[in-house]
Structures are given as structure tokens and as C-alpha cells.
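Examining the three-dimensional arrangement
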Amino acid sequence: MNVIVNRVAEFLHRFPPFSFLEREDLLSVAQQVEIQYLEKGETLFTQGEPARPSFFVLKEGTIHLVEKTQNEEEIREICDEGDVFGVLALLGKRPYLLTSRVIQNSLIYAIPVSVFEKILEKNSRVSLFFAAGFAAGQVVVRQDLSQGQKARSVLKTQNKDHSLLIFSEKSALTISESVLTCQPNCSISKAASLMAQSQVSSIVITNADGFPLGILTDKDLRSRVLAVGLDPNHPVSKIMTSPVITQARQDDFSTIYLTMIKNRLHHLVLTSDGTDQSPVTGLISDHDIFLSMGNSPAILIHALVNAKEISEMKAIRDRAEAMLRYYLENEVAMDFVSSVMTEINDLIIKKAVEMAKSSLSEEFSALESYKFCFLSLGSEGREEQLLRTDLDNAILYEDVPDHLQEQAKIYFLTLGSQVLETLLACGFEPCPAKMMANNPDWVQPLSQWKTYFSQWISLPTPEALLKSSIFFDYRPVTGFKPLAEELTEHIYQEIRVKKGFLNFLAKSAVDTPPPLGFFKDFIVEKSGDHRDQFDIKSRAMLPLTDLARVLVLSQEVVGVNNTFKRFEKLAELEPGHAELFTQAGKAYEILMRMRAIEGLEKNNSGRYLSPTSLGKLQRQLLKTTFLPISDLQEIVRIRFQLDLFRS
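Owing to the predicted nature of the structure, the values given are computational and were not obtained by experimental measurement.

Overall, the coordinates contain 30 salt bridges when judged by the stated rule. A salt bridge links Asp220 to Arg224; the shortest N-O distance between them is 3.7 Å. Here Asp220 pairs with Arg224, and both are found in helix H7 (residues 218–226), just four residues apart, close to one helical turn. Arg475 is the partner of Asp346 in a salt bridge, and the nearest nitrogen-oxygen pair spans 2.8 Å. Taken together, the residues Asp346 in helix H12 (residues 334–360) and Arg475 in strand E15 (residues 475–479) connect sequence positions 129 residues apart. Residues joined in a network through salt bridges with shared partners are Arg382, Glu384, Asp473, Asp546, Arg549 and Arg566.

See below:
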């Protein structure tokens, strides 16, 4: 094989879409490549010029793709090593939409369309690369975020084990080593008494050497004693299940689990050598199995419902992140992912509230009958909190008689504080601005919450608008939800009367421009701990969140808090902008996914990304998510007449 062809093939293989080619196809392409040298100042092709029979890959140098508009040129893309451009020759053979300017002496590979068309037809990954607009300057289809999302799934590195991890690691399995036992001549009533004292659902019957002879469970007591009226003074040997099935303590999880499935066992006795001729060393129940199999929402939720300790709740929430990682890596639909994670987060909050109520019931018995609801705000309020990032929450309670007001303040603040302690112990982060239910400002009766919102709407100062951006996304998680509904109705009544508030909210929503610089690079932090990093939350996600919120409020939509669901609703309400709203919703889903993956990989909030650490496809996909922002901002500017509006 020609040395040059091999070198060309090696170079191309480093970059998509050539990295998706089989070796034979790659060499076929490399053999047909024409190598061209271009000097600084030259033009490879010009806007409006008929497409050539080749498209191009930049080997060395710098080339700008520029668009001429009236009397000026705007840089649309800056090509660097490995970029594919001039692809209109490949896609539709239409005239070029951009002009290529050689900025530095450059070496390019010209690839004949006739060679690549055959590959395009048979290789779906290659065709998706172009369909998703990942080639430089491919302005024809660049806004198709659904293709981009699909392509990210198909084009990702396929080197990970995506098994469902049905069989957990043995270390994740909790085995009871302190096994309750009794002798075969022990009475049934005595055995039942021992089980009640130890708060366990089974007892193992052993001989004098500690070898297992049988097992007695709650179910046996119900079906073999109570249901048939058997005298409880009989010995347990009369009703125990015998012989007992055993496994060795050191057996792996799959062996233990399959033994229980095969024999329909709810409890499995473990012995030192795995037979009933050796001492009992442990006991495992199907509940323990349930807890160890962490990658199913149903199992996690079941485990949470039955969790009695905060440490157990934290362990389950930890396992939920393993499930989250699996979902994200396998491109599970984001509405499903966020729904599952919200259900888990909500259940933890509900249990924390119940625990707090229980601990305070005796001290504050006079207030137990008064209704309240626990509100989640911010990302959890929008059902978008995938990671355990900052908590934003509050308590709304019904107005109480004057003589109970001070006591009510103390009760609900104490309740909120205890809930926060539980949530923090479960791994959630506190809100730096202290917008939480342990802050007296945010634990208030309905009348005060109405006053808050009325003030923010009447006097929309920058501080009021900031609070509005968090508190307007409230969602009642547990408690008496009609209180929240009454507050919502009050807010819309206020907005109907004071329409100027939405103009202020709209102006705030357009203040953040799309996060690309003059040369289409990411706008990164200039200083501080995150210097040269990209703030995906404030620069990409918040603009979309703010735009969706103000547009939904202007339509008086109730009960839709999630940002991408808000865009879905807007697409339904405004068919004329349906495509843009749909693209905005998909963009937000992609941003949520990218942030969560970054957070899981770096064990942080995922807020800051390093653009240099992103692959070429990730950078292109991220940039594509910014495209709807400017169009949405233009709609908001016009709809709320912001050019005429002075704040």
C-alpha cells in the first residue's frame, strides 16, 4: 500500500465522519483524495459558485467560511484541523452559501463526491453526521436539533458496557450476620415473641451445633398457626419449613439470587460451607435483594417507601445516580429521566416532612390540624433537578388565629429546618442565597406569600425579578395543595391588573445574549476559579428557562413548570412558532443531559464545562443548542414592545 495513502487514511481516521468507516472504505477514500496547497489570501470557493465535484477536509492551516451580506462579510465558521467543509457538493449539489478564505497557508484534502456517495448510502452513522449538521458551514440543516440529538447517540464512542447491572456487586449486598435462632423444641409462641423483640420477619431453627434444621417466617405464623387455629404451645419443629435450602456466605450475588428465584424463597440461610451440615453464618431476604438491585426506578422507589433511616435514604439516592448515568449514556428520553428523578427527589422530601411532623407532633399538637404545603422552587420546582444541586424550597401554611401566630412561626420553621437537615444528610447541596425552608423569610402563611408576590409584581426591582425567577417556578410537593393553587390564582390576578410586570420580566429574559463570541467561540469565564470554563447554566440554560417562563405566564398556563414541557405547550398554543419552540425544547433537553453527564463525571454540579475538553461533535452540538435563543429573544422583544419599553 502506498505510504501517502496510508498517511492520509491515518489522518482521516482521527476525525468524524471518517472515524466511522471500516478500514476498507477508509483506504478507498484515501486513495482518491487530492492533496491541495493553498496560500494565505487565496479563496477556495465563493458564495453562489456552483458546487464542485469534491468536498474538503482541512489538513493544516486556517480557513474561514464567510457570508457576504450587502457590503460586509461575516465570519460564519473557522475551520481547523480535521474540519469537513464545502459539503454542499455532497448534499444536493447546490451553489455554495459561504465563501472560503484562506487565512494561513493551508493543506487540504479534496474528496471526490462520487467516492463518498456510496459510503453515505450504506453507512448510517456517516449520513447522520451530515444530517445533524456537524460539518462546518453546513447551514442547510444546522437547526435540526432532533437529528443532532439522535446523532449524538449514534456517533458516541461504543466502548462502554451498558448492561443493566441486574446482578449487583457483592459489596452492594447487605447480609444479616446476626441471625435470630432457636432450638426445635422452642414453642411457637416463644419463637414469635423472639421475632417481635428483634423486629425481624424470620427465625432459623438450629440444632445444638448451630446447623440449620428449618426456618419459620411471619407468613408461616399467619398461614400455619393463626389461620388454622393451631395451639401456639406446640414446638416450632411442627410448623417450620424443613429441610432448609442453604448457600455459602462467600457465594457471589448471582448464585444467591438465582437460588432464591429458583426455589421461590423470601429468605435464604447462609452457612459456612454452603450446606446444612455447617453453622449458620448469615441470612438474606428478598428485601435485601431488592435494596441491592439499584438500577430500576420501581425498586428504588419501593426501597425509599420502606426506608426508615436517613442513612438508608441517602444510600438509595446515591444509587439513583447510577441509574441516572445509565439513562444518560443510553439516550433515554429526557422527559422520562427527569420524571423518574423528580419522583425520587419528591419521595425523599415527603418522607423528610413526615419524619419532621412526627418528631414535632407532641410538642406542637395544637397546630397539627392546620394545613400547609412544602414548595420546591427553582430546578426542583421545574422538575429538572437530576443531580443533588442547590436546594430551593419554602413552606406555605394557612393563616392561623392571632393567638397561634407566634407558635405557628416556630412550628413551621422548626419543621422546615428538620426537613432541610434530612435533605442535606441525603447529599443535596444548600442554596448559597439561603432560599430554603429553614429561612424565616420563606416560611410564611398564605396572606404573607400573597403580599410577597404582590410587591414583586408591583415593584419589579432587579432583586424582585431575581426572586421572581426562582419563586415563580414553585411546585407543591407535599401537603395541602389547594393552598398553592390559591396562591397561583392570586398571582395571575395581579399580573392581569399590572401587565407592565411581564414587560420587566421579558426585558430580564432578553438581557443574556447567545453565548458565542465574535469568532463563534464559547464565551468563557474571564477570571476566578472557573476561568476559561463555560457556564452552561447561566449562559445557555437560564436564557431558555427565563424565555419559556415569561411566554408561559403571558399565556396564563397553569401547572406546567418544566422548561422543555413549557416549550411543548407553547408550540401547541402558537402553531406559527411551533418549529422554533420545539427546537428550543430539544435544545434544553440536550443542555440538561450535557450538564448532568459533566456533573456525574466530575462529581460536581456540572455547571462549568471546559470547551477544550469537549470533542468536536460535542462542541458542535452545544453550539447548535444556542441557535433558538436569539430567535426567541426577538419574539419576546416584539411581543412585549421592549424597544419602546424603558425600565
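In this structure, the largest pocket occupies an estimated 1000 Å³ of space. Along the walls of the largest pocket sit 40 residues, with Arg382, Asp392, Ile470, Lys537 and Leu542 positioned nearest its centre. Listing elements by their share of the lining of the largest pocket, those giving two or more residues are helix H13 (378–381), helix H16 (462–471), helix H18 (500–509), helix H19 (536–554) and helix H21 (578–602). For the lining of the largest pocket, the element with the highest residue contribution is H19, accounting for eight residues. Among the residues making up the lining of the largest pocket, the classes are represented as 19 nonpolar, 10 polar and 11 charged. Lining the lining of the largest pocket are residues from two domains, each supplying at least three of them: domain 3 (298–316 + 334–494) and domain 4 (512–645).

Spatial ordering of the open sheet is given by E9-E10-E11, a layout of three strands whose pairing is mixed. Edge positions in the open sheet fall to strand E9 (246–248) and strand E11 (280–285), since each of these has one partner strand only. Pairwise comparison of adjacent strand axes, ignoring direction, gives a mean angle of 35° for this sheet. Direction of pairing for E9 relative to strand E10 (residues 267–271): parallel, over a ladder of three bridges. In the sheet register, Thr246 faces E10, and the bridge partner there is Val269.

One can describe the packing of helix H1 (residues 3–13) onto helix H2 (residues 23–32) by two numbers: an axis separation of 9 Å at closest approach and a directional angle of 120°. Accordingly, the angle class assigned to the pair H1 and H2 is oblique. Every pair of crossing elements has a handedness; the one defined by H1 and H2 is right-handed. Every residue of H2 that contacts H1 at Val5, Asn6, Val8, Ala9, Leu12 and His13 is listed here: Arg23, Leu26, Leu27, Val29, Ala30 and Gln31. Taken together, the residues of the contact of H1 with H2 break down into eight nonpolar, three polar and one charged.

This part takes up unusual backbone geometry. Between Pro16 and Pro17 the backbone carries a cis peptide bond, its omega angle lying at 5°. Of note, Pro17 is situated in the loop between H1 and H2. Cis geometry is adopted by the peptide bond preceding Pro243, which originates at Ser242 and carries an omega value of 0°. Examined against the element boundaries, Pro243 turns out to sit in the loop between H7 and E9. Look at Glu556: it is not a glycine, yet its phi comes out positive at around 55°. As for its position among the elements, Glu556 is in the loop between H19 and helix H20 (563–573). Judged by relative accessible area, which is 37%, Glu556 ranks as partly exposed. Phi angles above zero are rare outside glycine, and Gln641 is one such case at about 50°. As for its position among the elements, Gln641 is in the segment after helix H23 (627–639). Looking at Gln641, the relative accessible area reads 51%, which means it is exposed.

Bringing H1 into the picture now. Among all positions in H1, only Val5, Val8, Ala9, Phe11 and Leu12 are buried. The arc that holds every buried residue of H1, seen down its axis, measures 165°, which confines them to one face. Exposed side of H1, more than 90 degrees from the buried face: Val3, Arg7 and Glu10 are the residues found there. Those residues of H1 hidden inside the fold are in contact with H2, strand E1 (34–38), strand E2 (54–69) and strand E5 (99–112).

Cut-offs used in this document
The residue numbers shown here count from 1 along each chain, following its written sequence. For this predicted model, a pLDDT threshold of at least 70 governs which residues receive local features, and a threshold of 80 or more governs which side-chain atom pairs are given and counted, while totals over whole chains, interfaces and linings are taken from all residues. The basis for the side-chain values is all heavy atoms of the structure; hydrogens and waters are excluded. Salt bridges, as used here, are contacts in which a Lys or Arg side-chain nitrogen is within 4 Å of a carboxyl oxygen on Asp or Glu. Only DSSP runs of H or I with at least four residues qualify as helices, and only runs of E with at least two residues qualify as strands; both kinds are numbered from the N terminus onward. Any residue with an atom within 4 Å of a point lines the site, the site being either a cavity, points on a 1 Å grid over the protein atoms alone where a 1.4 Å probe fits but cannot get out, or a pocket, an open set with protein on both sides within 12 Å along at least 5 of 7 lines. Grid points are joined across faces, edges and corners, and a volume is the space filled by probe spheres set on the points. By the convention adopted, Pro, Cys, Tyr, Trp, Phe, Met, Ile, Leu, Val and Ala count as nonpolar, Lys, Arg, Asp and Glu as charged, and the other residues, Gly among them, as polar. All the domain ranges listed were derived from an automatic or database domain assignment. Strands pair, by our definition, only if DSSP identifies at least two bridges between them. Helix axes use the C-alpha atoms of the stretch in contact, all axes being lines fitted to C-alpha atoms, and the angles between their N-to-C directions lie in the range 0 to 180 degrees. Here roughly perpendicular refers to angles of 65 to 115 degrees, roughly parallel to angles under 35, roughly antiparallel to angles over 145, and oblique to all remaining angles. If you view the pair so one helix is near and one far, a crossing is left-handed when the near helix is turned anticlockwise from the far one by less than a right angle, and right-handed when it is turned clockwise. In this analysis, two residues are considered to be in contact whenever any of their non-hydrogen atoms come within 4.5 Å of each other. For every residue, the accessible area obtained with a 1.4 Å probe (protein chains only) is divided by the maximum for its type, and the residue is called buried under 20%, exposed over 50%, and partly exposed between those limits. As used here, the arc belongs to the directions running from the helix axis to the C-beta atoms.

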